[in-house]
Amino acid sequence: MEVKESILLSGNPSCQGCPHSLGLRALGLALDDPVVIIPAGCSTIVAGIHPKATINAPVLHVPFASAPAVASGIASAFRREGKKKQIVVWMGDGGADIGFATISGAAVRNEDIIVIVSDNEAYMNTGIQSSGTTFWKAKTTTSPTGKSEERKDLAAIMLMHRVPYVATASVGYLPDFINKLEKAKKIRGFRFIQLHSPCPPGWRFDSSKTVEIARMAVKCGAWILWEFDGKLSFSPASRPYKDKMKRTGLTEYLRAQGRFKGIDDSDIETIEKNIDMQWKFLEAFENF
Ligand code: SF4
Ligand SMILES: [Mg+2]
């Protein structure tokens, strides 16, 4: 059996316990010969500073808002040359906020690219500012008393673009992420994966606990793993938690993160209600 070399080389400058490192390793295991487009964000740093490079694949660094537009052009150029390449946008949730117009445009045109949003729920690289996907009540430098708005559901928004493949994934369940990438690479057209990426310094937990926190999010139902490939289905790790009674550890999940310091029981109750609503929303699509 061929053992693939890691796409992410050792000695890279990510923080300890960085979720992007886990995600990038999985990406390299699943995709053959990817070309990676990275807009500004932590992954720009993780990829290394010239003349050093830590991603063992062709990488193009581009401004925040342009990544899916650049990827569309590159995919088209390779197609004209008759070359088969996996054109991948690897971006954060900040890039996905600022670059949403180009994500949406590429999805509407059904460009033959894979867009992965490694979602650590804030603009970490610029100092932990709140983003559209930041969790309600999470403290960031722009929401010092806790975010007052609900997070947006980016994957569901992409689902509404009627593209061939949309999924959520988690760095706590890398085999599931790899399976989704393997499925996505066989599909032509626009593919989108939102990867849940707990960030130790941004969420304020110990760097040894990235995977543990990511799994807690799935077990309490706050992060739901699903995929759409013509039909929406819940992924095996999340399926048991369709049953609300099986969801466990919401309070522990929140209390394990410094960004939720000071959260009270009534906030937790509200979060629980919002989680229930999110499940019902997705179940409606499952049964559609
Ligand atoms: S701030 Fe978070 S996402 Fe950014 S490099 Fe550090 S651990 Fe990774
Ligand atoms: Mg981010």
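Residues numbered from 1 in each chain as written. Chains lettered and ligands numbered in written order. Predicted model: local features only at pLDDT ≥ 70, side-chain atom pairs only at ≥ 80, totals over all residues.

Visitor: Mind laying out the site of ligand 1, listing which residues take part and the relevant values?
Guide: Around ligand 1 there are 14 residues in total, and Cys 15, Cys 18, Cys 42, Met 124 and Cys 199 lie nearest to it. Counting only elements with at least two residues in the shell around ligand 1, the list comes to α1 (19-30), α2 (42-46) and α8 (200-203). Looking at the shell around ligand 1, the element that brings in the most residues is α8, giving three residues. In terms of residue class, the shell around ligand 1 is made up of nine nonpolar, five polar and no charged. (Near = placed C-beta within 6 Å. Helix = DSSP H or I, 4+ residues; strand = E, 2+ residues; numbered from the N terminus. Nonpolar A, V, L, I, M, F, W, Y, C, P; charged D, E, K, R; others polar.)

Visitor: Describe the packing of helix α3 (residues 67-81) against helix α5 (residues 100-108), and please don't skip the residues or the numbers.
Guide: When two helices pack together, their arrangement is given by the angle between the helix axes and the distance between those axes. Their axes nearest at 7 Å, the elements α3 and α5 cross at an angle of 35°. On the side of α3, the interface is formed by Ala 67, Pro 68, Ala 69, Ala 71 and Ser 72, while α5 contributes Thr 102, Ile 103, Gly 105 and Ala 106. Its residues assigned to classes, the contact of α3 with α5 comprises six nonpolar, three polar and no charged. (Axes fitted to C-alpha atoms, helices over the stretch in contact; angles between N-to-C directions. Contact = placed C-beta atoms within 7 Å.)

Visitor: An account of helix α9 (residues 210-219) is requested, with residue identities and associated values reported.
Guide: When you tally the buried positions in α9, you get eight out of ten residues, the bulk of the element. Turning to α9, its buried residues number three or more, namely Thr 210, Ile 213, Ala 214, Arg 215, Met 216, Ala 217, Val 218 and Lys 219. Contacts from the buried residues of α9 go to α1, β5 (165-170), β6 (191-196), α8 and α10 (250-255). (Buried ≥ 20, exposed ≤ 12 C-beta atoms within 10 Å, placed from the backbone.)

Visitor: Residues and numbers for the pairing of β5, please.
Guide: With six of six residues buried, β5 is to be regarded as a mostly interior element. Where burial is concerned, the two faces of β5 agree: the one with Tyr 165, Ala 167 and Ala 169 and the one with Val 166, Thr 168 and Ser 170 are both buried. When β5 meets β6, the two strands line up parallel, connected through six bridges. For Val 166, the partnering residue across the bridge sits in β6 and is Phe 192. Here two bridges tie β5 to strand β7 (residues 226-228), and the two strands are oriented antiparallel to one another. Note on β7: the bridge partner recorded for Val 166 is Phe 228. (Pairing = 2+ DSSP bridges.)

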